[in-house]
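This is what each chain is made of:
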Amino acid sequence: MKKGRKHQQGTGARVNGNGNAQQHGEHESWKKLKLVEIHQALNCDPVDIETLRRAAVSEGGLLTDEIRRKVWPKLLSVNVYNLPAKPTKDIRENHKDFNQVLLDVRRSMKRFPRGMRVDERQVLQEQLIDIILVVLQKNPALHYYQGYHDIVVTFLLVVGERMAIAMVETLSNHHLRDFMDPTMDSTKHILNYLMPILEQVDPQLHEFMLRAEVGTIFALSWLITWYGHVLSEFRHVLRLYDFFLASHPLMAIYFAAVIVLHREKEVKQTECDMAMVHQLLSKIPQDLPYEELITQAHCLFTRYPPSLLAKRAALQSRNRSLSGYEPHNLHYRESTETRRTVSPQIPGGHRHHQPIYLGSPEDTDITYLGTPDRAPRKEQCFSNVYVI
């Protein structure tokens, strides 16, 4: 009997070993096939943007930084043959945001690869400061906010300084545009899409969070940094950037919704108290099943598009205003405007200097910046970007 059991165990081990080897071979074959498809799409004339977008969204994303350097600019219609010049040092002279940008970049060490030499990191930090200031100087209607540097550094590390300037400028005038208004009204409105998504998928979870009066402020840092501020593994940040660059500007809030849905049991087992639920949700687990959540977010966007949720989001905003609820005692002025990604060409108001906690114990004195200017916004539209 013992010999028989040993024989069976050994046979099972060999089968498992062969199975793992087979799975590895299939994975490598799939990866090579995807790389071929991406290169074919890049070599098309014109470039096959739809295939590149599908590759960025589908399992594994764009796979390597080498591929990202080629595909990311295409997803944003950036002309790689006409990149901005390297910034000169006079960009820092008399720039209204220089001091705040400097402070934010100085405490962004965790965003750089572990083990990077100090002198290398310092060079990149100087480049990061210049990229931000150049984009703001060229676009006076854009207003710096705490967390913007978390997005910019991702592009700097992947595509380099000059390409990062071009990409960040384009991104700031489209996907990130609502975060760069003089006020937080548009950002708050985007957060208001979170609860209607939860209501559609899990009414019980939605009701629990309403009773807890937790609001949506726990997801603020997720949204405005594209999760760069809250994820410790850079590879996970890159995977999400593949997804967001190929998707509608509101996809980041759908991803926030699937994170909450993924933690549904934890949330419901927590005491129905604002502080308790906020504390739980504000800390993102680092072992999330990212591919599964990306697929779910993509499906939810298709099933419950923003056009379907817009009225519910606006109603939630009005209800919160009537109830006098202000998360974390932050005093927002209720917006009477439609969110600008949906209805562009609406001038902005004034951004107040108000403290926002992004969720990291090492970040303090966090401020939203901006000058009281009412410069009208210019919306860029791209044929290869989802628009409602």
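The rules behind each value
- Residues numbered from 1 in each chain as written.
- Predicted model: local features only at pLDDT ≥ 70, side-chain atom pairs only at ≥ 80, totals over all residues.
- Heavy atoms only, no water.
- Phe/Tyr/Trp six-rings, centres within 6.5 Å; stacked < 30°, edge-to-face > 60°.
- Helix = DSSP H or I, 4+ residues; strand = E, 2+ residues; numbered from the N terminus.
- Buried < 20%, exposed > 50% of the residue type's maximum accessible area, 1.4 Å probe, protein only.
- Contact = heavy atoms within 4.5 Å.
- Axes fitted to C-alpha atoms, helices over the stretch in contact; angles between N-to-C directions.
- Parallel < 35°, antiparallel > 145°, perpendicular 65-115°, else oblique.
- Nonpolar A, V, L, I, M, F, W, Y, C, P; charged D, E, K, R; others polar.
- 1 Å grid on protein atoms, 1.4 Å probe; cavity = no way out; pocket = protein on both sides within 12 Å on 5 of 7 lines; lining within 4 Å.
- Points joined across faces, edges and corners; volume = space filled by probe spheres on them.
- Expected span 1.5 Å × (residues − 1).
- Salt bridge = Lys/Arg side-chain N within 4 Å of Asp/Glu carboxyl O.

> Now, about the packing of aromatic side chains: what can you tell me, with residues and values included?
In this structure the tally under the stated criterion is 15 aromatic pairs. Here Trp 72 and Tyr 241 contribute two aromatic rings whose centre-to-centre distance is 6.4 Å and whose plane-to-plane angle is 35°, an arrangement assigned as tilted. Taken together, the positions of Trp 72 in helix α3 (residues 65–75) and Tyr 241 in helix α12 (residues 234–245) put the pair 169 residues apart, joining distant regions of the chain. In this pair, the class of Trp 72 matches that of Tyr 241, namely buried. Taking 6.1 Å as the distance between ring centres and 35° as the angle between the ring planes, the aromatic pair formed by Trp 222 and Tyr 227 counts as tilted. Just as Trp 222 is buried, Tyr 227 falls in that class too. What links up through ring pairs into an aromatic cluster is the set Trp 72, Phe 155, Phe 218, Trp 222, Trp 226, Tyr 227, Tyr 241, Phe 243, Phe 244 and Phe 255.

> Could you give me a rundown of the side chain of Arg 68, with the residues and numbers involved?
Locating Arg 68 in the fold gives a position in helix α3. In contact with Arg 68, not counting residues within four places along its chain, are Leu 62, Leu 63, Pro 73, Val 158, Leu 238, Arg 239 and Asp 242.

> Can you lay out the packing of helix α6 (residues 148–159) against α12 for me, pointing to particular residues and giving the numbers?
A pair of packed helices is characterised by two quantities: the angle between their axes and the separation of those axes. Relative to each other, α6 and α12 sit at 100°, their axes nearing to 11 Å. Taken together, α6 and α12 sit at an angle that is classed as roughly perpendicular. Seen from α6, the contacting residues are Asp 150, Ile 151, Thr 154, Phe 155, Leu 157 and Val 158; seen from α12, they are Phe 234, Val 237, Leu 238, Tyr 241 and Leu 245. Across the contact of α6 with α12, the residue classes tally to nine nonpolar, one polar and one charged.

> Lay out the layout of surface pockets in plain terms, naming residues and giving numbers.
By volume, the second largest pocket amounts to about 290 Å³. Around the second largest pocket sit 14 residues that line it, and Lys 110, Phe 112, Ser 232, Glu 233 and Phe 234 are the ones nearest its centre. A breakdown of the residues in the lining of the second largest pocket according to their chemical character gives seven nonpolar, three polar and four charged.

> An account of helix α7 (residues 161–172) is needed here, citing residue identities and associated values.
In this model, α7 (twelve residues) spans 16 Å end to end at C-alpha, consistent with the 16 Å of a helix rising 1.5 Å per residue. Counting buried positions along α7 yields eleven of twelve residues, so the element is predominantly enclosed. If you check which residues of α7 are buried, you get Glu 161, Met 163, Ala 164, Ile 165, Ala 166, Met 167, Val 168, Glu 169, Thr 170, Leu 171 and Ser 172. Where α7 is buried, its residues touch α3, α5 (118–138), α6 and α12.

> How would you explain the pattern of salt bridges if you had to name every residue and give the values?
A full pass over the atoms with the stated rule returns 21 salt bridges. The salt bridge partner of Arg 117 is Glu 120, with a shortest N-O separation of 3.4 Å. Judged by its relative accessible area of 49%, Arg 117 falls in the partly exposed class. Taking the relative accessible area as the measure of exposure, Glu 120 reaches 36% and is therefore partly exposed.

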